[in-house]
Amino acid sequence: MKEEYSFWCRGSPNVEAFREQDMSEIQMVKDALATAKRVAALTGAGISAESGVPTFRGGGGTAVWKGMRFDQISSSEMVKADLPAVWEWFDYRRGVLRECEPNPAHFAIAKWQEQFESLALVTQNIDGLHRAAGSRDVIEVHGNIHRSRCISCGALYQMDRDTVPHNPDVCGCGSKVRPDVVLFGEMLPEGAYEKGAEAAASCDVFFTIGTSALVYPAAMLPEIAKRSGALLVEVNPEETPLTAICDASLRGKAGEILPSL
Ligand code: OAD
């Protein structure tokens, strides 16, 4: 039943071209980058939209899968209530990802590693596309879809990108495994948020890219950067709750804007 699987907002709202106002903001960001030593970025689902990975929100929509809101199927309660359904959803997404490659936005950020004294990349994405584009030391605050974890002993299993459905299903200790991702109602991996917060507090320029900035604590990072004196730059076709505190809001697709910087 194809319809059951259609999970919704493709997430790239219509943006024909940069607004005129963006051109001066782009110049301001370019000038800041010319002297910046420390750069940090928080990325969200929108950066992978041009790779063909659907977003959760955006364009007025919310992702639904088999009649369930994405935050219901991606929850800690669901792991307890119906682990096979959770796996079905994540295996479906892993299937989608088999066809996806990094886009110019991922590659632009990977290049920043060589350009600045320090680059901290924090991603809420679990798709692994930053690494595939060459980014090192990616802080994956919501885990990785290609890894699974034993629900009892915590043993980790790396899954091959092409292994869909997941394997193994059972850990060596005999317990079930689950996706090693952060679900609603769960804490972030130890130290991940702290690393991001440290980078946000000490950078010259902070980018918030392709995120609706609605999910905490990740959405705190741009606020920390702003309070600490960084230039705060948003790259998103749509406004977000962060827009009001951003120094520059570049309205458009990350895959077009980031390479142009
Ligand atoms: P969302 O799906 O909430 O937001 C995607 C954002 O990307 C929206 O603001 C879009 O306007 C924007 N966008 C769409 N196309 C874009 C493009 N081509 N270039 C730039 N931006 C674009 O995704 P996140 O903010 O990442 O958490 O969602 C945060 C968390 O909520 C996710 O990590 C996930 C989800 O539940 C967990 O699974 C724990």
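The numbers attached to residues start from 1 for each chain and follow its sequence in the written order. Totals for whole chains, interfaces and linings use every residue, but because this is a predicted model, local features are given only for residues with pLDDT of at least 70 and side-chain atom pairs only at 80 or more, for both listing and counting. Remark: hydrogens and water are excluded; side-chain values derive from all non-hydrogen atoms of the structure.

1. Structural notes on the confidence of the model for the protein
Spelled out, the test is: Confidence of the predictor at the level of single residues is captured by pLDDT, which takes values from 0 to 100. Contact criterion: two residues are considered in contact whenever any of their non-hydrogen atoms come within 4.5 Å of each other.
Taken over all residues, the pLDDT of the protein has a mean of 91, while the share at 70 or more is 92%. Within the model, pLDDT remains below 50 along residues 1-17, and this stretch shows 39 contacts once partners closer than five positions in the same chain are excluded.

2. Side note on the pairing of strand β12 (residues 231-235)
The cut-off we apply is this: Type-normalised accessible area, obtained with a 1.4 Å probe on protein chains alone, sets the label of each residue: buried when under 20%, exposed when over 50%, and partly exposed for intermediate values. Every helix listed is a DSSP run of H or I at least four residues long, and every strand listed is a run of E at least two residues long, numbered separately from the N terminus. The pairing criterion for strands is at least two bridges between them, as found by DSSP. When the strands point away from the viewer and the connection leading from the first strand across the helix to the second strand turns clockwise, the crossover is called right-handed.
Among the five residues of β12, five are classified as buried, and the element is accordingly described as predominantly covered. Alternating residues of β12 divide into L231, V233 and V235 and L232 and E234, and every residue in both groups is buried. By the bridge criterion, five bridges tie strand β11 (residues 205-209) to β12 in an arrangement that is parallel. Its bridge partner lying in β12, I209 is registered against V235. Considered for its hand, the β-α-β crossover made up of β11, helix α9 (residues 220-227) and β12 is right-handed. As judged from the three bridges shared by β12 and strand β13 (residues 248-250), these two strands associate in the parallel manner. In the sheet register, V233 faces β13, and the bridge partner there is A248.

3. Side note on the pairing of strand β6 (residues 118-123)
Regular strands place their side chains on alternate faces of the sheet. Strand direction decides the pairing type here: strand β1 (residues 38-43) and β6, joined by six bridges, are parallel. Opposite L42, over in β6, you have V122 as the bridge partner. Here β6 pairs with strand β7 (residues 139-140) via two bridges, running parallel. When the sheet's bridge partners are listed, T123 is paired in β7 with E140.

4. Some thoughts on the sheet that holds strand β10 (residues 177-181)
Counted only if it meets this: Helix axes are fitted only over the stretch in contact, all axes being lines through C-alpha atoms; the angle between N-to-C directions runs from 0 to 180 degrees.
Spatially, β9-β8-β10 is the arrangement adopted by the three strands of the open sheet, whose pairing is antiparallel. Either end of the sheet is taken by a strand with one partner, and the two such strands are β9 (156-158) and β10. On average, adjacent strands in this sheet sit at an angle of 40° to one another, irrespective of strand direction. One ladder, built from three bridges, connects strand β8 (residues 143-150) with β9; its direction is antiparallel. Pairing of R149 across the sheet is with L156, part of β9.

5. Examining empty space enclosed by the protein
Defined as follows: Space inside and on the surface of the protein is sampled on a 1 Å grid over the protein atoms alone, with a cavity defined as a set of points where a 1.4 Å probe fits but cannot get out and a pocket as an open set with protein on both sides within 12 Å along at least 5 of 7 lines; lining residues have an atom within 4 Å of a point. Grid points are joined across faces, edges and corners, and a volume is the space filled by probe spheres set on the points.
Under the defined criterion, the tally for this structure stands at one cavity of 30 Å³ or more. Around the largest cavity, the lining residues are T123, N125, D127, G128, L129, H130, R131, V138 and E140. Ranked by residues supplied to the lining of the largest cavity, first place goes to helix α7 (residues 129-132) with three residues.

6. A look at the side chain of E140
The test is simple: Here a polar contact means two N or O atoms within 3.5 Å. Within protein one must be a hydrogen donor candidate and the other an acceptor candidate, and residues neighboring in sequence count only if both atoms are side-chain atoms.
Relative to the elements of secondary structure, E140 occurs in strand β7. For E140, the side chain forms a polar contact with the side chain of R131, separated by 2.5 Å. Among the polar contacts listed, one links the side chain of E140 to the side chain of N144, at a separation of 3.0 Å. Not counting the four nearest positions on each side in its chain, E140 is found in contact with T123, G128, R131, R147 and P189.

7. As for the sheet that holds β6
Taken in spatial order, the six strands of this open sheet run β7-β6-β1-β11-β12-β13, and their pairing is parallel. With one partner strand each, in any of the chains shown, β7 and β13 form the two edges of the open sheet. Packing against the sheet, α9 makes contact with β1, β6, β11 and β12, and its axis sits at approximately 155° to β11.

8. Side note on the packing of aromatic side chains
Note the cut-off: Centres within 6.5 Å are what make two rings of Phe, Tyr or Trp a pair, Trp counting through its six-membered ring; a difference in plane orientation under 30 degrees is then read as stacked, over 60 as edge-to-face, and the rest as tilted.
Scanning the entire structure with this criterion turns up seven aromatic pairs. A ring pair is formed by W65 and W89, whose centres lie 5.5 Å apart and whose planes are at 45°; its orientation type is tilted. With a gap of 24 residues between them, W65 in strand β4 (residues 64-65) and W89 in helix α5 (residues 83-97) connect regions that are remote in the sequence. The class of W65 is buried, set by a relative accessible area of 2%. Overall, the relative accessible area of 0% leaves W89 in the buried class. A centroid spacing of 6.4 Å and a plane angle of 80° characterise the contact between W112 and F116, whose relative ring orientation is edge-to-face. A single burial state applies to W112 and to F116, both of which are buried.

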